[in-house]
Amino acid sequence: MGIMKNALLERMRRKDIYVVLVIGILIVMMCMSGAATLSIDGVPVTEFSMMMPMVLNVISVIGGGIAIALSLRTIPNEYERKTSHLVWIRGISQWKYHGQLALANIISSLGSLFILYAGVMVFAGIKGEYAVLAKCIPAFLLFSVSTAAVSLFTSAVSLVLPGMAAGVLAAALMLAGTMHPILETFSGIVSGVARQALRGILFLTPNLYAAESQAGRFLSGKSIQIHSILGGLLVLYICGMLLYLFRRKEA
Amino acid sequence: MKKGTGKISIQKVIAVVMGAALLAGWIFTADRGIGSQEKKIYREAAEQQGLVDKMGFSGFRLEDYPVAMYDGKADYVFYQGKIEKRSPVLETFAGTAYPVGDHYEVIVPTLERFDGLLSLAGGVEGMVSGSGYGREEQIATIWHEGLHAWQMSHFQILGENLTPAEMEKELEQSGNENGDSEETLLVKELDQNAEQKKRMKKEMQLLKTAAEKKDIDGMKAAILEYREQQEKRQENMSAEALMAEKRCELTEGTAYYVEGNVLKALRGENVYRERYLDTLDVFEGGRGKFYRTGMAKCLILDRLEPDWKTGLDFTESLDELLYKAVESTL
């Protein structure tokens, strides 16, 4: 656990958290903007029920981006410092070493996500949506599965790919996963090679949106889909397996 | 060393069991077939038959036509109490009545997929529940397309006699033809001509006024003024564009009228007024405006000639029916 604690403390020393806080404040301001420019069926889109799914979508994408940024360099940096032999001589396996660093990545990513998510809680409180407020913490657990998976995937691919390639791959997975239903719909509109390409992307990327959208369903009192939550956990598990299977030659 | 290997082995076993359990749970909880929401939509749509019967389109029954819901991968066809899965007939998201073999079917995207379409159009997934399109609107759309299936199955619309096979061929070739489509003709001759567009807008206002008039005399006066305005506009249009206008108004106007009345029953008078009555004079590019003018004419006919739908065979345009009704009451 010492490895994980050190990695987390290093995060705290860095200024990443301030950037996340600023984004969080911006999200709260966006939620509370009184200037309704969009009205659907006579209901201004500033209403909580209308804003909440939109804000959750925005948060999931920003949170995913932050998870990639926080997780991309952690393990490679440790190897670049050439201090890993100090770990091996203590009999700590490479998997445990990577696992603890990846866990630190997940914790810091979810911490950042929670700061962003707190904007929704503040917004719910201000709007007097106390029933929603009471459900915010369990909803966060549902919401965080996909961000945790993105962080874990980034940690895993950072073991075997150069920084840029790992970042692009993780971002592609995160974006395609978050936009899965949109891509599914789009694949039904286009034809020919574009359709085959989209279907290929859909086949290769997990539906992260399905997992995280359960939080919105839970908050708005709709029934949650167990299948989607299990799907999210399965993706998390597979990313964990990748972390276990990928090794660094330096070790 | 041996102890350590054993410990890792237990961890591995736990990890494998966890993975297998997750996978099994995920597979076990997967949707098989069409969702319960879509089944409920079809059931509720069929339940509106009594309401539609009261509208007076004799012989129009939704259950006479297969209703296919396309979820992006397959069609789920509701017909005669069964639901059958098949390869999609139209691999595109459209609400339409389409020839399939020797008959016409209603084809709509599932509401879940429609939700996705809405998000693609700039909203977010899940927004459909809070937007203007939901379960009731989907039911109204099914009835709209159902009316088209009935029109094409039983009538020679404005004298045009096409079998489902011929219609299918025509639809397949429509993207490759050299001539202008109906939509393009209407855009060219109306929307892109400032004077014609102005006249059309005026006509729409007159029709709305006529439809809203409480007294029959006031209604007829508005219709006569409308007719005058319409004749001026139509003098400057090609025969093809005129036919496109008449056909669109007759087929879509009546379908829009059915759709509106179904939605009124499901969502109430206020929604109906806001979406259909208050927007009767809203000019829309292409064919869209004729949905509204057609519906306005249906509403006026309801007042002037309450039995106009009995025996309606779609061989006459709504204008012909309307002017006959006005003349018979003069």
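Since the model is a prediction, treat every value here as computed from it, not as a measurement.

1. So, the overall build of chain B
Looking only at helices and strands, chain B has 13 helices and 5 strands in total. Counting only residues that meet the buried cut, chain B has 38% of its 330 residues in that class. Considering only intrachain contacts with a sequence separation of at least 6, the fraction spanning at least 24 residues in chain B is 68%.

2. Thoughts on the overall build of chain A
Helix and strand content of chain A: 13 helices and 2 strands. For chain A, with 251 residues in total, the buried portion stands at 41%. For chain A, contacts bridging at least 24 residues in sequence account for 78% of all contacts bridging at least 6.

3. Structural notes on the sheet that holds strand S3 (residues 82-86) of chain B
Residues and elements named next belong to chain B. Strand order across the open sheet formed by 5 strands is S3-S2-S1-S5-S4, with mixed pairing between neighbours. Only two strands of the sheet have a single neighbouring strand rather than two, namely S3 and strand S4 (96-100). Adjacent strand axes in the sheet meet at a mean angle of 30 degrees when their direction is disregarded. The sheet contact formed by strand S2 (residues 75-79) and S3 spans 5 bridges and is antiparallel.

4. Some thoughts on the environment of Phe290 of chain B
Residue and element names in this part refer to chain B. Examined against the element boundaries, Phe290 turns out to sit in helix H12 (residues 288-304). In sequence terms Phe290 and Leu250 are 40 residues apart; their C-alpha atoms lie 8.5 Å from each other. Here Phe290 is in contact with Glu245, Cys248, Glu249, Glu252 and Gly253, once residues within four sequence places are set aside.

5. Some remarks on the packing of helix H8 (residues 194-212) of chain B against H12 of chain B
All names here are of chain B. Contact pair H8 / H12: the axes reach a minimum separation of 9 Å and the direction vectors enclose 30 degrees. On the basis of their axis angle, the class for H8 and H12 is roughly parallel. Where H8 crosses over H12, the handedness of that crossing is left-handed. Between H8, through Met200, Met204, Leu207, Lys208, Ala210 and Ala211, and H12, the contact on the second element is made entirely by Lys289, Arg292, Thr293, Ala296, Leu299 and Ile300. Counted by class, the contact of H8 with H12 contains 8 nonpolar, 1 polar and 3 charged residues.

6. Considerations on the packing of helix H10 (residues 239-267) of chain B against helix H11 (residues 269-277) of chain B
The geometry of H10 of chain B relative to H11 of chain B is characterised by a closest axis approach of 7 Å and an angle of 145 degrees between their N-to-C directions. Touching Gly260, Leu263, Lys264 and Arg267 of chain B of H10 of chain B are Glu269, Val271, Tyr272 and Tyr276 of chain B, all from H11 of chain B.

7. Side note on helix H12 (residues 208-219) of chain A
Of all the 12 residues making up H12 of chain A, 10 are buried; the element is thus mostly covered by neighbouring parts of the structure. Gly221 of chain A occupies a position one or two residues after H12 of chain A and carries a positive phi of about 80 degrees.

8. So, H12 of chain B
The first and last C-alpha atoms of H12 of chain B sit 25 Å apart over 17 residues, in line with the 24 Å expected at 1.5 Å per residue. Of all 17 residues in H12 of chain B, 13 are buried; the element is thus mostly enclosed.

9. Section: the pairing of S2 of chain B
Burial analysis of S2 of chain B places 4 of its 5 residues in the buried class, the great majority of the element. Between S2 of chain B and the antiparallel strand that follows it, S3 of chain B, lie 2 residues; Gln80 of chain B among them carries a positive phi value of about 50 degrees.

10. Some remarks on the nonpolar core
Counting 71 residues, the largest nonpolar core has Val106, Trp143, Ala210, Met295 and Ile300 of chain B as its most contacted members. The element best represented in this core is H10 of chain B, accounting for 10 residues. A domain split of this core shows at least three residues from each of domain 1 (36-154) and domain 2 (180-328) of chain B. In this structure, Ile300 of chain B is in contact with Ala210, Ala211, Met219, Ile223 and Leu322 of chain B, ignoring residues within four places of it in sequence. Membership of the second largest hydrophobic core comes to 60 residues, among which are Ile59, Phe123, Met174 and Leu236 of chain A.

11. Re the confidence of the model for chain B
All names here are of chain B. The pLDDT averaged across chain B works out to 88; a share of 90% of its residues lies at or above 70. Here residues 120-130 scores under 50 on pLDDT; set against residues more than four positions off or in separate chains, the count is 32 contacts. At the level of chain-chain contacts, confidence expressed as ipTM amounts to 0.81, with global pTM at 0.70.

12. With respect to the pairing of strand S5 (residues 103-109) of chain B
All names here are of chain B. In terms of residue burial, S5 counts as a mostly covered element, since 6 of its 7 residues are buried. For strand S1 (residues 67-70) and S5, the ladder comprises 4 bridges, and the chain directions are parallel. Bridge pairing links Tyr70 to Pro109 in S5. In this sheet, S5 lies alongside S4 in antiparallel orientation, the contact comprising 5 bridges.

13. Details of the confidence of the model for chain A
Across chain A, the average pLDDT comes to 83, with 86% of residues at or above 70. When the criterion is pLDDT under 50, residues 35-45 of chain A qualifies, and its contacts beyond four places in sequence or with other chains add up to 17 contacts.

14. What about the environment of Leu190 of chain B?
Residue and element names in this part refer to chain B. Within the secondary structure layout, Leu190 lies in helix H7 (residues 182-191). With 43 residues separating them in the primary sequence, Leu190 and Arg233 have C-alpha atoms 8.9 Å apart. Excluding residues that lie within four positions of it along the chain, Leu190 makes contacts with Gln196, Lys197 and Met200.

Cut-offs applied
- The numbering scheme is per chain: residues are counted from 1 as the chain's sequence reads.
- The lettering of chains begins at A and the numbering of ligands begins at 1, in the order of writing.
- Totals for whole chains, interfaces and linings use every residue, but because this is a predicted model, local features are given only for residues with pLDDT of at least 70 and side-chain atom pairs only at 80 or more, for both listing and counting.
- Here a strand is any run of E in DSSP of at least two residues, a helix any run of H or I of at least four, and the numbering for each starts at the N terminus.
- Exposed residues have 12 or fewer other C-beta atoms within 10 Å of their own C-beta, buried residues have 20 or more, and residues in between are partly exposed; the C-beta atoms are placed from the backbone.
- Contact definition: two residues whose C-beta atoms, as placed from backbone geometry, lie within 7 Å.
- Should DSSP find at least two bridges between two strands, the strands are taken to pair.
- Axis geometry follows a simple rule: fit a line to the C-alpha atoms, using only the stretch in contact for helices, then measure angles between N-to-C directions, giving values from 0 to 180 degrees.
- Just so you know how the angles are binned, under 35 degrees is roughly parallel, over 145 roughly antiparallel, 65 to 115 roughly perpendicular, and the rest oblique.
- A crossing counts as left-handed when the near helix is turned anticlockwise from the far one by less than a right angle, and as right-handed when that turn is clockwise.
- All residues other than Ala, Val, Leu, Ile, Met, Phe, Trp, Tyr, Cys, Pro, Asp, Glu, Lys and Arg, Gly among them, are scored as polar; the first ten of these are nonpolar and the last four charged.
- By definition here, a helix of n residues has an expected span of 1.5 Å times n minus one.
- Each nonpolar core reported here comprises buried Ala, Val, Leu, Ile, Met, Phe, Trp, Tyr and Cys residues connected via C-beta atoms within 7 Å.
- Segmentation of the chain into domains, including their bounds, is taken from an automatic or database domain assignment.
- Confidence scores per residue from the predictor, reported as pLDDT, run from 0 to 100.

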